[in-house]
Amino acid sequence: MEFLVASAIGVMTAAGIYLVLRARTFPVVIGLSLLTYATNLFLFATGRLAVNQPPVIGATAGAYVDPLPQALVLTAIVISFGMTAVVVVMALRAYLETGNDHVDLPGDASPEASEDDWKLRGRKQAPVSPPAAGSGGEWA
Amino acid sequence: MNHMLIMPILVPAVVGALLVMAARYDKVLARAFSLASAVLLLGVAIALFVIASDDSVRTYALGAWPAPFGIVLVLDRLAALMLLLNAVLGLGVLLYAVGGWDMRGKHFHPLFQFQLMGINGAFLTGDFFNLFVFFEILLIASYGLMVHGGGGLRVKAGVQYVVTNLVGSSVFLIAVGLIYSVTGTLNMADLALKVPQVPAGDQALLQTGAVLLLLVFAVKAALVPLHFWLPGTYANAPGPVAALFAIMTKVGAYSIIRMYVLAFGADAGEAAWLAAPWLLPASLVTLVLGMTGVLAARSLGQMASFAVIGSMGMLLATVSVFTQQAIGAALYYLVHSTFAAGALFLIADLVAERRGVQRDRFVLAPRFAQGGLITAMFFVAAIGVTGMPPLSGFIGKLLILDGVRDSAHAAWFWTLILSTSLIAIVGFSRGGSLVFWKSHALPPAPASGHRPAAAPFVAVGALLACLVALTVFAGPAHAWLEGAAVQLFAPAGYIEAVMGTLQEVR
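Small disclaimer: the values here were computed from a predicted structure and weren't measured.

## Notes on the overall build of chain A
Then comes step 1: Helix and strand counts for chain A stand at four helices and zero strands.
Then comes step 2: Along chain A, from the amino end to the carboxyl end, the secondary structure elements read α-α-α-α.
Then comes step 3: Among the 140 residues that make up chain A, the fraction classed as buried is 30%.
Then comes step 4: Expressed as a percentage of contacts within chain A between residues at least 6 apart in sequence, the contacts between residues at least 24 apart total 46%.

## Topic: the confidence of the model for chain B
Then comes step 1: Averaged over every residue, the pLDDT of chain B is 92; residues scoring 70 or more account for 98%.
Then comes step 2: The ipTM assigned to the predicted complex is 0.87, against a pTM of 0.92.

## Description of unusual backbone geometry
Then comes step 1: Geometrically, the link from Val224 of chain B to Pro225 of chain B is a cis peptide bond, its omega value of 5 degrees lying close to zero.
Then comes step 2: Structurally, the position occupied by Pro225 of chain B is in the loop between helix 8 (203-220) and helix 9 (229-236).
Then comes step 3: Following Pro389 of chain B, the chain continues into Pro390 of chain B via a peptide bond in cis, with omega recorded as 10 degrees.
Then comes step 4: Within the element layout of this structure, Pro390 of chain B appears in the loop between helix 15 (371-386) and helix 16 (392-403).
Then comes step 5: One non-glycine residue, Asn52 of chain A, lies in the positive phi region at around 60 degrees.
Then comes step 6: Structurally, the position occupied by Asn52 of chain A is in the loop between helix 2 (25-45) and helix 3 (68-98).
Then comes step 7: Phi angles above zero are rare outside glycine, and Gln370 of chain B is one such case at about 55 degrees.
Then comes step 8: Looking at where Gln370 of chain B falls in the secondary structure, it is placed in the loop between helix 14 (324-354) and helix 15.
Then comes step 9: The exposure class of Gln370 of chain B is partly exposed, given the 13 C-beta atoms found within 10 Å.

## Overview of helix 1 (residues 7-22) of chain B
Since one α-helical turn is 3.6 residues long, residues separated by three or four positions face the same way.
Then comes step 1: Helix length check: helix 1 of chain B (16 residues) gives 21 Å between terminal C-alpha atoms against 22 Å at 1.5 Å per residue, within 8%.
Then comes step 2: Buried residues along helix 1 of chain B sit against helix 2 (27-52), helix 3 (77-97) and helix 4 (108-124) of chain B.

## Considerations on the packing of helix 14 of chain B against helix 16 of chain B
Residue and element names in this part refer to chain B.
Then comes step 1: Relative orientation of the contacting elements helix 14 and helix 16 amounts to 160 degrees, with a least axis distance of 8 Å. Judged by the angle between their axes, helix 14 and helix 16 are roughly antiparallel. Regarding helix 14 and helix 16, the two cross each other, and that crossing is left-handed. Residue-level contacts link Gln325, Ala326, Gly328, Ala329, Ala330, Tyr332, Tyr333, His336 and Ala340 of helix 14 to Ser392, Gly393, Gly396, Leu399, Ile400, Asp402 and Gly403 of helix 16.

## A short note on the environment of Ala8 of chain A
Residue and element names in this part refer to chain A.
Then comes step 1: Among the secondary structure elements, Ala8 is positioned in helix 1 (residues 2-20).
Then comes step 2: We classify Ala8 as partly exposed; it has 15 C-beta atoms within 10 Å.
Then comes step 3: Along the primary structure Ala8 and Tyr37 are separated by 29 residues, whereas in three dimensions their C-alpha atoms are 10.0 Å apart.

## Thoughts on the nonpolar core
Residues and elements named next belong to chain B.
Then comes step 1: Ile256, Leu344, Ile347 and Ala381 are the most contacted members of the largest nonpolar core, which has 230 residues in total.
Then comes step 2: If you tally residues by element for this core, the top one is helix 14, at 20 residues.
Then comes step 3: Those residues in contact with Ile347, other than ones at most four positions away along the chain, are Ile374, Met377, Phe378, Ala381 and Val460.

## A short note on the interface of chain B and chain A
Then comes step 1: Listed as interface residues are 30 residues of chain B and, on the opposing side, 30 residues of chain A.
Then comes step 2: Of all the elements in the fold, those that place two or more residues in the side of chain B that touches chain A are helix 5 (128-146) and helix 6 (152-183) of chain B.
Then comes step 3: At 18 residues, the largest contribution of residues to the side of chain B that touches chain A is made by helix 6 of chain B.
Then comes step 4: Broken down by class, the residue content of the side of chain B that touches chain A amounts to 16 nonpolar, 11 polar and three charged.

So, how was this worked out
- Residues numbered from 1 in each chain as written.
- Chains lettered and ligands numbered in written order.
- Predicted model: local features only at pLDDT ≥ 70, side-chain atom pairs only at ≥ 80, totals over all residues.
- Helix = DSSP H or I, 4+ residues; strand = E, 2+ residues; numbered from the N terminus.
- Buried ≥ 20, exposed ≤ 12 C-beta atoms within 10 Å, placed from the backbone.
- Contact = placed C-beta atoms within 7 Å.
- pLDDT = per-residue confidence, 0-100.
- Expected span 1.5 Å × (residues − 1).
- Axes fitted to C-alpha atoms, helices over the stretch in contact; angles between N-to-C directions.
- Parallel < 35°, antiparallel > 145°, perpendicular 65-115°, else oblique.
- Left-handed = near helix turned anticlockwise from the far one by under 90°.
- Core = buried A, V, L, I, M, F, W, Y, C linked by C-beta atoms within 7 Å.
- Nonpolar A, V, L, I, M, F, W, Y, C, P; charged D, E, K, R; others polar.

What follows is the structure in structure tokens.
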């Protein structure tokens, strides 16, 4: 079981880091999700891997599992879930406002970014119309 | 238990929530609530500052759960200093934002309050998982503030900022997990007791965790090679937000000072002074890179960003010596550089607002309104940032040079600090003469006719006045900060105060 957990964490972290280093926002967001999954699994494992043990010390229980990492994981899941939502919204907004989904800032020597630009290519914008000024929450 | 301790977190939390629910559409109400909260916070911070001056460490057990099991807030001199710094800067920046920035997007005021809450919480907490939570609170608020006002470039820079910090958060959690797995505690004071007892076989895990944690704080403090997010973020953030972010880098510096003196300090056995060999070279490179960046910058905002990086290098290099005297000097410089950087970002924004399409870029543009006053303010701020006499930057540098004299690497410090000062002076002279002096020779742009708001000028003036006050009262200020350093280097008092809650509650 140790091998299974360790390799799962390792593979997810490796894939996450690879995806975070990609040039477009979509793989970056997926990579961030994978990284947070790996982190959550890792946190869970810091309480040691024990099967079928109660999470509290009782009079009859011979052994127990540490309940604290599970509480930490719960907090971490909530935060990472919210953060993923934030980054998705910001990435979408950046795509709509600048016309491409590259992570680089414009002018940062990335010719691909302008090749992909739907605004520059004159293509009609996707069904998602940019929200009217003032209706986009914090991002307006 | 003194309930005053939780006020710096409670006040902005309540006001922030109130602003979201009740004052969303009312400009006057939102501004009034927000300013009232900032003034109240300043009052609370001053009171806590006075309370902390008697050198005893105070704790506040949340939910009356005793220390190693529950979360405690801890107030000592260092925490009180950071709270006061945050309150003063926050009020100044808010005053500036009320001049018009706050209405260029939605929810500026609630986000601002939550930002203050997160920063205050990070300074007060005595539990390092709770530190993670407060980091997240201040980051979530900063994501919103960063893209306030919108614009493609700003949102794109915002995405970079969010991604960098999300990766940082993951690393933070891994570090917390590693340290917890070998010590079985999340409380900083308890950690300080457990670290020396960690068996040799677990040292590798513990030290990996500690170094990963240092990595996270280094991302926050913009230490080379993890500084790359800062220029893009700060130069593209709205002016007042960039000024508030001047304290965000200091949150990283504070966490480094707190963790690596308390838990991985002199008594930590094999892990003693774990941070020093990593911090020293990285921060010296940061100093050089930041000040060189000042010379290479193409706009006032970029110049201010690189000046922040340079000052963080100087600050953390001094911290990395880990002696009482050096930390005392570093704290003085920390206070100074926060105000100086805040003022500089606000001035850059004043210029950008007035120059039209040229913004704050280093190109010739027609003379702008209130040019004389803004030039004078830039001059004062530049003197502060570059560390020229007579302002507090100069005193700070003298203290630092004196404080690191006994270090084995003193020659490096002296050479790099003095030579980078020269580079920074050249950089600021170049930028200032291009934007202010040469533009003065051009004919003025047609007057727009409307009266500018007074609040922004009051705000910048107040921050600059803080620099002057820090200069005039350098003696007492430094003596107080030395007291904070003494307290830091006697962790027994801190540990006793925190672990004592166990008895107190029983």
